[in-house]
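Each chain, letter by letter, is given below.
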Amino acid sequence: MAREDKIGIIHIFATQNNTIMLLTDMTGSETLAKCSGGVVIKTQHKEGSPYAAMKIAETIAQKAREKGIEQVHVRVRAKGGIRPRNPGQGAEASIRSLTRNGIRILSIENVTPIPHDGTRKKKKHRSKKP
């Protein structure tokens, strides 16, 4: 009898300053594991780096294997809205690290929120000139 692998969803929120990963079940309602840059790295200015993202992905992959999850769908998100719509440098590094740690990725999806003519962008700061 072949055993059936459980499937999960990994949500990656990658900004310039931090990377947060969340492992949920297929419904997305039950959180199985969570990790961010502040958990794996000590210096605050390196939380959004690719190295920190690799360490986060290793932690999440280990917790996924403990729960019996071998296959995942990946959802990548940036800040979005009126802020930058491209994910930070940690997104690509974390996906690469997941595959290296034995997690099979079924699909990668970008779920960054896009504004439909919502609020107005902030004005540029004008400094005092002497």
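Everything that follows concerns the structure shown earlier in this document.
Residues numbered from 1 in each chain as written. Predicted model: local features only at pLDDT ≥ 70, side-chain atom pairs only at ≥ 80, totals over all residues. Heavy atoms only, no water.

Moving on, we come to the pattern of salt bridges. Close approach of charged atoms allows side chains with opposite charge to pair. As enumerated under the stated definition, the model contains three salt bridges in all. Note that R75 and E109 form a salt bridge whose closest N and O atoms lie 3.6 Å from each other. Within this pair, whereas R75 is found in strand β4 (residues 69-77), its partner E109 is found in strand β5 (residues 104-110), the two being separated by 34 residues in sequence. Judged by its relative accessible area of 39%, E109 falls in the partly exposed class. Linking R96 and E92 is a salt bridge whose minimum nitrogen-to-oxygen distance equals 2.8 Å. Residue R96 and its partner E92 are located together in helix α3 (residues 90-100), separated by four residues, close to a single helical turn. By relative accessible area, which is 39% here, R96 ends up partly exposed. On the accessibility criterion, E92 (55% relative accessible area) is exposed. (Salt bridge = Lys/Arg side-chain N within 4 Å of Asp/Glu carboxyl O. Helix = DSSP H or I, 4+ residues; strand = E, 2+ residues; numbered from the N terminus. Buried < 20%, exposed > 50% of the residue type's maximum accessible area, 1.4 Å probe, protein only.)

A separate point is the sheet that holds β4. The strand order across the open sheet formed by five strands is β3-β2-β1-β4-β5, and the pairing between neighbours is mixed. The open sheet has two edge strands, β3 (31-36) and β5, and neither has a second partner. Adjacent strand axes in the sheet meet at a mean angle of 20 degrees, parallel and antiparallel pairs treated alike. Note: strand β1 (residues 6-14) against β4, eight bridges, orientation parallel. Looking at the pairing, F13 lines up with R77 of β4. (Pairing = 2+ DSSP bridges. Axes fitted to C-alpha atoms, helices over the stretch in contact; angles between N-to-C directions.)

Keep in mind that these numbers describe shape and distance, not what the molecule does.
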